Amino acid sequence: MSRLSSFQKKEIVNIVDGRRLGFLSDAEVDLNSGKMDAIVVSVPMKNLPLGSNCRELVIPMDRIKKIGEDIILVNVEERYLNVFLRGQTL
C-alpha cells in the first residue's frame, strides 16, 4: 500500500507520444470501495489569463500502465485528451 504523498512528485508521461503531461496533483477515490478511480494531473498551460495557468487532466486507473520510482506511464490517445480534461477547454 502507498500513500498519495509518495506519488505527488512523480511526473506523468504518455507512452503514446512520449509527452510529459505534468505532475500528479490529486486522486479520485471511490469512498465505498476505498479504491482509487483516477489520478489528477495538473497540466501547466502557457498564454492563459492570470489565475488560470493550469488545467486538470483526470486519467482513469485503467490508463495507467506503470508506476516507477520517478514517473508514472500512462496510455492516453490524443483523441481522449479532451475527454479527460477538466477545467478550461482547449
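Summary of the structure given here.

Observations concerning the nonpolar core
Part 1: Formed by 14 residues in total, the largest nonpolar core has its most connected members in Ile-12, Leu-21, Ile-39, Val-41, Leu-57, Ile-59 and Val-74.
Part 2: Among the secondary structure elements, those contributing two or more residues to this core are strand E2 (20-29), strand E3 (36-44), strand E4 (54-60), strand E6 (71-74) and helix H1 (78-84).
Part 3: Of the residues forming this core, the biggest block, three residues, is contributed by E3.
Part 4: Once you skip the residues sitting within four places of it in the chain, Val-74 turns out to touch Ile-12, Val-13, Asn-14, Ile-15, Leu-21, Ile-39, Ile-59, Arg-63, Ile-64 and Lys-65.

Looking at a nonpolar patch on the surface
Part 1: A cluster of nonpolar side chains, namely Val-29, Leu-31 and Met-36, defines an oily patch on the protein surface of about 310 Å² accessible area.
Part 2: Positionally, Val-29 belongs in strand E2.

Basis of the calculations
Residues numbered from 1 in each chain as written. Predicted model: local features only at pLDDT ≥ 70, side-chain atom pairs only at ≥ 80, totals over all residues. Heavy atoms only, no water. Core = buried A, V, L, I, M, F, W, Y, C linked by side-chain atoms within 4.5 Å. Buried < 20%, exposed > 50% of the residue type's maximum accessible area, 1.4 Å probe, protein only. Helix = DSSP H or I, 4+ residues; strand = E, 2+ residues; numbered from the N terminus. Contact = heavy atoms within 4.5 Å. Patch = residues over 30% accessible without salt bridge, like charges linked within 9 Å, V, L, I, M, F, W, Y side chains within 5 Å. Areas by Shrake-Rupley, 256 points an atom, 1.4 Å probe, with all protein chains shown as cover. Salt bridge = Lys/Arg side-chain N within 4 Å of Asp/Glu carboxyl O.

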